[in-house]
Amino acid sequence: MDEQNVRWDDLRVVLAIHAAGSLSGAARRLGLSHATVFRRLDGIERRLGVSLFVRGRRGYTPTPAGEDMAATGARVEREVLGAE
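Residues numbered from 1 in each chain as written. Predicted model: local features only at pLDDT ≥ 70, side-chain atom pairs only at ≥ 80, totals over all residues. Heavy atoms only, no water.

Caption draft 1: A look at the side chain of Thr63. Within the secondary structure, Thr63 sits in the loop between strand E2 (59-62) and helix H4 (64-83). Classification of Thr63 as buried rests on a relative accessible area of 14%. Polar contacts involving the side chain of Thr63 include one to the main-chain carbonyl oxygen of Ser51, which spans 2.8 Å. When sequence neighbours within four positions are dropped, the list of residues in contact with Thr63 reads Ser51, Leu52, Phe53 and Val54. (Helix = DSSP H or I, 4+ residues; strand = E, 2+ residues; numbered from the N terminus. Buried < 20%, exposed > 50% of the residue type's maximum accessible area, 1.4 Å probe, protein only. Polar contact = N/O pair within 3.5 Å; in protein donor to acceptor, adjacent residues only side chain to side chain. Contact = heavy atoms within 4.5 Å.)

Caption draft 2: The pattern of salt bridges, seen in detail. Under the defined criterion, the tally for this structure stands at 5 salt bridges. Between Asp42 and Arg46 there is a salt bridge, with its nearest N and O atoms 2.9 Å apart. Taken together, the positions of Asp42 and Arg46, both in helix H3 (residues 34-48) and 4 residues apart, correspond to about one turn of that helix. Relative accessible area serves as the criterion here: at 30%, Asp42 is assigned to the partly exposed category. A relative accessible area of 65% means that Arg46 is categorised as exposed. (Salt bridge = Lys/Arg side-chain N within 4 Å of Asp/Glu carboxyl O.)

Caption draft 3: Structural view of the side chain of Glu45. When you line up the elements, Glu45 lands in helix H3. For Glu45, a relative accessible area of 10% puts it in the buried group. In this structure the side chain of Glu45 is engaged in a polar contact, spanning 2.7 Å, whose partner is the side chain of Arg55. Excluding residues that lie within four positions of it along the chain, Glu45 makes contacts with Val50, Ser51, Leu52, Phe53 and Arg55.

It is worth stressing that arrangement in space is one thing and function is another; only the former is reported here.
What follows is the structure, encoded as structure tokens:
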């Protein structure tokens, strides 16, 4: 995974999917459409060259890379909220 290509918006998308366990739940959290979250996740994974979630009947389960990225997103979110 190339961390140089990670943006705050990418972290927010991954964090929302991780927290919700689904694209529709993440879309609600972010105020976006399901299709937009799907496209964003696809673009993030392509750019980084790694799968962040395993898609299954019960929703989206993070891979180890997805766990790492969600943890990074949570840390960045705390910092951003603290700065605000």
